[in-house]
Amino acid sequence: MAKPSSSGSRTRSFVHIVILVGLCCFFYILGAWQRSGFGKGDSLALEITKKSDGCDIVPNLSFDSHHGGEVSKIGEVDSKPKVFKPCKARYIDYTPCHDQRRAMTFSRENMIYRERHCPREEEKLHCLIPAPKGYVTPFPWPKSRDYVPYANAPYKSLTVEKAIQNWIQYEGNVFRFPGGGTQFPQGADKYIDQIASVIPIENGTVRTALDTGCGVASWGAYLWSRNVIAMSFAPRDSHEAQVQFALERGVPAVIGVLGTIRLPYPSAAFDMAHCSRCLIPWGSNGGIYMMEVDRVLRPGGYWVLSGPPIHWKVNYKAWQRPKEDLEEEQRKIEEVAKLLCWEKKSEKHEIAIWQKTVDTETCRSRQEDSGAKFCESTDADDVWYKKMEACVTPNSKVSGDLKPFPQRLYAVPPKIASGSVPGFSAETYQDDNKKWKKHVSAYKKINRLLDSGRYRNIMDMNAGLGSFAAAIQSPKLWVMNVVPTIAQKHTLGAIYQRGLIGIYHDWCEAFSTYPRTYDLIHSNGLFSLYKDKCNIEDILLEMDRILRPEGAVIFRDEVDILIKVKKIVGGMRWDTKLVDHEDGPLVPEKILIAVKQYWVADTNATSTQ
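Everything in this summary refers to the structure shown in the same document. (Residues numbered from 1 in each chain as written. Predicted model: local features only at pLDDT ≥ 70, side-chain atom pairs only at ≥ 80, totals over all residues. Heavy atoms only, no water.)

1. With respect to the nonpolar core
Nonpolar side chains in soluble globular proteins tend to be buried together.
1) Next: Of all hydrophobic cores here, the largest spans 138 residues; its most connected members are Tyr265, Met272, Trp282, Trp303, Met480, Met543 and Phe555.
2) Next: Top contributing element to this core by residue count: helix α18 (residues 559-569), with 7 residues.
3) Next: Ignoring anything within four residues of it in the chain, the contact list for Trp282 reads Thr212, Leu258, Cys275, Gly287, Tyr289, Met290, Val293, Trp303, Leu305 and Ile333.
4) Next: Among the nonpolar cores identified, the runner-up in size contains 10 residues, and Val148, Ile168, Phe177 and Phe245 belong to it. (Core = buried A, V, L, I, M, F, W, Y, C linked by side-chain atoms within 4.5 Å. Buried < 20%, exposed > 50% of the residue type's maximum accessible area, 1.4 Å probe, protein only. Helix = DSSP H or I, 4+ residues; strand = E, 2+ residues; numbered from the N terminus. Contact = heavy atoms within 4.5 Å.)

This is how it looks when you write it as structure tokens:
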């Protein structure tokens with residue numbers, strides 16, 4: 001047998017060495033490529049926070065409020081973005097879907113003209129809404145409840161029109177809110193005391209409230225100290241800046257009206273609903289407005305009505321209305337309340353309180369016997385631009401009781417426990433909470449002002465189960481949890497069962513609020529959700545409109561999306577920084593943080609719009 005040649009052995013050894021070196025080079029290049037972020041196709045993925053000496057504050061961004069200085073500039077090199085010019089000064093308080101001039105072209109029947117009427121695509125502004133001259137950061141809560149800088153909402157009409165009703169007073173460079181109202185001249189606190197003598201407000205069973213026709217929202221403002229959060233709404237009408245004042249005070253509010261369209265809230269959401277001389281004709285149109293309140297009121301919830309026609313026998317002269325009209329108005333209200341199985345708990349002075357029954361089966365039987373018309377829609381939460389009908393919304397059977405607040409914040413919502421929200425279980429709900437506690441902890445390292453009282457009005461544009469709001473929960477702030485209408489899962493009902501508030505909205509349109517009404521905006525996966533649905537530029541311009549000068553934004557999304565967002569906002573007077581996911585650079589999801597620069601209207605400047 002022949003011996004193997006020494007030259008053949010050397011050849012094989014050389015081949016092995018080449019293969020080994022090649023593999024080492026390959027894995028070295030692969031590792032470097034993964035760490036670099038170039039796998040996503042853009043070097044901007046490398047723009048992450050530099051961490052040193054254990055400090056996690058993002059450099060070059062200022063989260064401080066305005067005291068005459070300017071937000072520091074970022075010196076990042078990038079291709080020049082499109083620059084958005086300021087709108088003309090007349091657009092300072094522009095509300096796209098509630099524009100007064102457009103509203104007057106619609107019918108006044110049933111308040112149609114006060115509903116949402118959004119601009120067509122060719123009518124949209126593509127400029128930045130300016131702040132008024134002298135604009136300053138609002139006072140921190142609770143001072144903001146009582147004082148609003150005049151420069152932020154320079155409208156004195158209510159100080160004259162509501163002077164004797166103690167709504168608002170002008171004092172030098174601020175407005176003062178004494179806590180009065182048309183129906184509570186002695187102040188909101190004493191008025192709430194009267195309500196609390198009937199409704200168990202103090203023990204946590206009543207957490208969420210709806211205030212229809214809220215005025216400047218003093219009822220909601222004073223409920224806050226009792227751990228009740230109110231969603232207040234009023235139309236943009238002759239009572240100028242009602243909702244704007246409410247939000248400047250730090251009270252949850254939106255522009256809205258009970259007209260012909262369903263309210264943008266889920267069924268069985270609120271523990272209490274309230275009307276204090278809100279001028280809604282409750283007994284008219286077959287009781288349609290009370291039926292809509294019934295839809296959004298949970299079984300066992302309360303409805304409070306104060307003012308006409310309550311106690312009309314004593315007050316008809318002061319109201320300057322015929323006794324017969326008031327008597328008929330109250331008769332209709334009592335008739336609809338009986339149909340809805342609401343039990344009157346109290347009628348004292350000018351306040352009447354009803355409670356919605358929890359015995360839904362007996363109520364349904366009574367309603368069938370009385371020939372009540374039931375709503376045909378199988379989804380009581382399908383409300384976006386849906387017409388109200390004079391029909392009774394059947395109460396869905398959901399097992400499990402709501403715990404008192406704050407226990408209900410993390411308790412499994414009955415909608416989740418019963419499987420009413422497809423795709424979510426008690427286990428996935430708890431996992432979601434853990435995830436968002438971790439995310440919020442990372443946010444607080446980036447922006448240490450997050451829980452300092454600097455940010456009062458916060459919006460979560462794609463709220464999911466509300467776990468961001470739960471993790472950030474504090475007496476110093478509140479969160480508007482927005483569930484996009486195109487979201488695959490209707491989670492807003494579960495959010496309300498947690499004792500949080502929110503609203504349905506389609507981000508292809510403007511939000512129902514004034515400019516500069518939010519201190520912090522959170523956007524989680526929103527731009528991935530709306531990819532190819534509408535113009536990303538329009539959504540960002542709307543965010544700019546509703547964000548206060550020197551307000552902050554937290555985007556969480558795929559890196560490709562955030563790079564596009566970053567480039568657009570580069571022309572919007574925002575300072576930005578791209579940050580790695582808290583689990584490290586290999587996670588494709590990133591965080592983009594932003595601060596809107598301080599600038600105000602230049603009345604001498606020209607603009608194309």
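That was the structure; now back to the text.
2. What about the layout of surface pockets?
1) Next: Considered as a void within the structure, the second largest pocket measures approximately 660 Å³ in volume.
2) Next: The wall of the second largest pocket is formed by 35 residues, among which Gly213, Gln242, Arg277, Cys278 and Leu279 lie closest to the centre.
3) Next: Among the secondary structure elements, those contributing two or more residues to the lining of the second largest pocket are β4 (208-212), α6 (218-223), β5 (229-234) and β7 (270-276).
4) Next: Across the lining of the second largest pocket, the residue classes tally to 17 nonpolar, 13 polar and 5 charged. (1 Å grid on protein atoms, 1.4 Å probe; cavity = no way out; pocket = protein on both sides within 12 Å on 5 of 7 lines; lining within 4 Å. Points joined across faces, edges and corners; volume = space filled by probe spheres on them. Nonpolar A, V, L, I, M, F, W, Y, C, P; charged D, E, K, R; others polar.)

3. Things to note about the state of the cysteines
1) Next: In the structure shown here, the tally under the stated rule is 6 disulfides.
2) Next: Two residues share a disulfide in this structure: Cys275 and Cys278, whose sulfurs sit 2.1 Å from each other. Its S-S torsion of approximately -100° makes the covalent link between Cys275 and Cys278 left-handed.
3) Next: Residue class for Cys278 comes out buried when judged on its relative accessible area of 13%. (Disulfide = S-S within 2.5 Å.)

4. A closer look at empty space enclosed by the protein
1) Next: The final tally for this structure, using the stated rule, is 6 cavities of 30 Å³ or more.
2) Next: Taken as a whole, the largest cavity holds about 80 Å³ of empty space.
3) Next: Cys97, His98, Asp99, Gln100, Arg102, Ala103, Tyr113, Arg114, Glu115, His117, Arg236 and Ile255 are the residues that line the largest cavity.
4) Next: Per element, the largest residue contribution to the lining of the largest cavity is 3 residues, and it comes from helix α2 (residues 100-103).
5) Next: A per-class count over the lining of the largest cavity returns 4 nonpolar, 3 polar and 5 charged.

5. A closer look at the packing of aromatic side chains
1) Next: Counted under the stated rule, the structure contains 20 aromatic pairs.
2) Next: Summarising the aromatic geometry, the rings of Phe177 and Phe245 are spaced 5.7 Å apart at their centres and angled 65° between planes, so their arrangement reads as edge-to-face. You can see Phe177 sitting in the loop between β3 (174-176) and α5 (188-196) and its partner Phe245 sitting in helix α7 (residues 242-249), a full 68 residues away along the chain.
3) Next: For Phe177, a relative accessible area of 1% puts it in the buried group.
4) Next: Plain terms: the ring middles of Phe555 and Trp574 are 6.4 Å apart, the flat faces sit at 35° to each other, and that makes the pair tilted. One end of the pair, Phe555, is in strand β15 (residues 547-558); the other, Trp574, is in strand β16 (residues 574-579), and 19 residues separate them in sequence.
5) Next: We classify Phe555 as buried; its relative accessible area is 0%.
6) Next: Judged by its relative accessible area of 5%, Trp574 falls in the buried class. (Phe/Tyr/Trp six-rings, centres within 6.5 Å; stacked < 30°, edge-to-face > 60°.)

6. A look at the packing of helix α9 (residues 312-319) against helix α10 (residues 323-339)
1) Next: Taken N-terminus to C-terminus, the directions of α9 and α10 make an angle of 130°; their axes are 9 Å apart at the nearest point. Judged on the interaxial angle alone, α10 and α9 are oblique. Two packed elements cross with a definite hand, and for α9 against α10 that hand is right-handed. Packed against α9, whose contacting residues are Trp312, Tyr316 and Trp319, the element α10 presents Lys323, Leu326, Glu327 and Gln330 at the interface.
2) Next: Along the lines of polarity and charge, the residues of the contact of α9 with α10 split into 4 nonpolar, 1 polar and 2 charged. (Axes fitted to C-alpha atoms, helices over the stretch in contact; angles between N-to-C directions. Parallel < 35°, antiparallel > 145°, perpendicular 65-115°, else oblique. Left-handed = near helix turned anticlockwise from the far one by under 90°.)

7. A word on the sheet that holds strand β2 (residues 169-171)
1) Next: Taken together, 3 strands build an open sheet; the order of strands is β1-β3-β2 and the sheet is antiparallel. Bordering the open sheet on either side are β1 (147-149) and β2, each of which pairs with just one other strand. Across the sheet, the mean angle separating the axes of adjacent strands is 30° when strand polarity is ignored.
2) Next: Sheet topology places β1 next to β3; 3 bridges connect them, and they run antiparallel. Within β3, the residue paired with Val148 across the bridge is Phe175. (Pairing = 2+ DSSP bridges.)

8. Quick notes on the sheet that holds strand β10 (residues 351-356)
1) Next: Spatial strand order, β6-β5-β4-β7-β8-β10-β9: 7 strands in an open sheet with mixed pairing. The sheet is open, and its two edges are formed by β6 (253-255) and β9 (342-348), each paired on a single side. In this sheet, neighbouring strand axes are inclined to one another by 20° on average, regardless of whether the strands run parallel or antiparallel.
2) Next: The pairing of β4 with β5 spans 5 bridges and is classified as parallel. Paired with Thr212 across the two strands is Phe233, which belongs to β5.
3) Next: α5 rests against β7, β8 (297-306) and β10 of the sheet, and its axis sits at about 125° to β7.

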